[in-house]
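Spelled out from the first residue to the last, the chains are:
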Amino acid sequence: QVQLVESGGGLVQAGGSLRLSCVASGRTFSRYTMGWFRQAPGKGREFVAGITGSGFSTYYVDSVKGRFTISRDNARNTVYLQMNSLKPEDMAVYYCAADGSAFRRAVVTSTSEYDYWGQGTQVTVSS
């Protein structure tokens, strides 16, 4: 059974930074794409960023390009989301997710492609 545990959320002022971490266990981490999603109150779950198992390919939603960076450390079974220049509209619960298929060469963005999810971590941005 795959388990994902996120950390790093919190309260930050607009323009500030946070780094989210997600530690995975239960299968060979480096084979699978990892993604970060977010869900704001009253809204659906939105893809934010993803990274393939090798780390060679990443993909971001337009609204975070140039501000957020996804990375992974396969030796530590950990994926990170560095969030800079945070805006009030970034405020949401952020979820780490693991792709259900191994060895993808490109990041998938649909929630239906991700089989495992963390519990979520709250990011609050004050204006």
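All values derive from a computational prediction rather than experimental measurement.

What counts as what
- As a convention, each chain's residues are numbered from 1 in the sequence order in which they are written.
- Selection of residues for local features in this predicted model requires a pLDDT of at least 70, selection of side-chain atom pairs for listing and counting requires 80 or more, and totals for whole chains, interfaces and linings are taken over all residues.
- Calculated side-chain values reflect all of the structure's heavy atoms, with hydrogen atoms and water omitted.
- Any cysteine sulfur atom paired with another within 2.5 Å is treated as part of a disulfide.
- Note on conventions: DSSP H or I runs of at least 4 residues are helices, E runs of at least 2 residues are strands, and numbering of each starts at the N terminus.
- Under the scheme applied here, a residue whose accessible area is under 20% of the maximum for its type counts as buried, over 50% as exposed, and between as partly exposed, the area being computed with a 1.4 Å probe on protein chains only.

1. Quick notes on the state of the cysteines
Phase 1: The tally for this structure, following the rule as stated, stands at 1 disulfide.
Phase 2: Disulfide partner of Cys-22: Cys-96, at an S-S distance of 2.1 Å. In this structure the cystine formed by Cys-22 and Cys-96 twists about its S-S bond by roughly -75 degrees; its chirality is therefore left-handed. Note that Cys-22 is positioned in strand E3 (residues 18-25) and Cys-96 in strand E9 (residues 92-102), a separation of 74 residues in sequence.
Phase 3: Residue classification places Cys-22 among the buried positions, given a relative accessible area of 0%.
Phase 4: The exposure class of Cys-96 is buried, given its relative accessible area of 0%.

Structural measurements only, silent on function.
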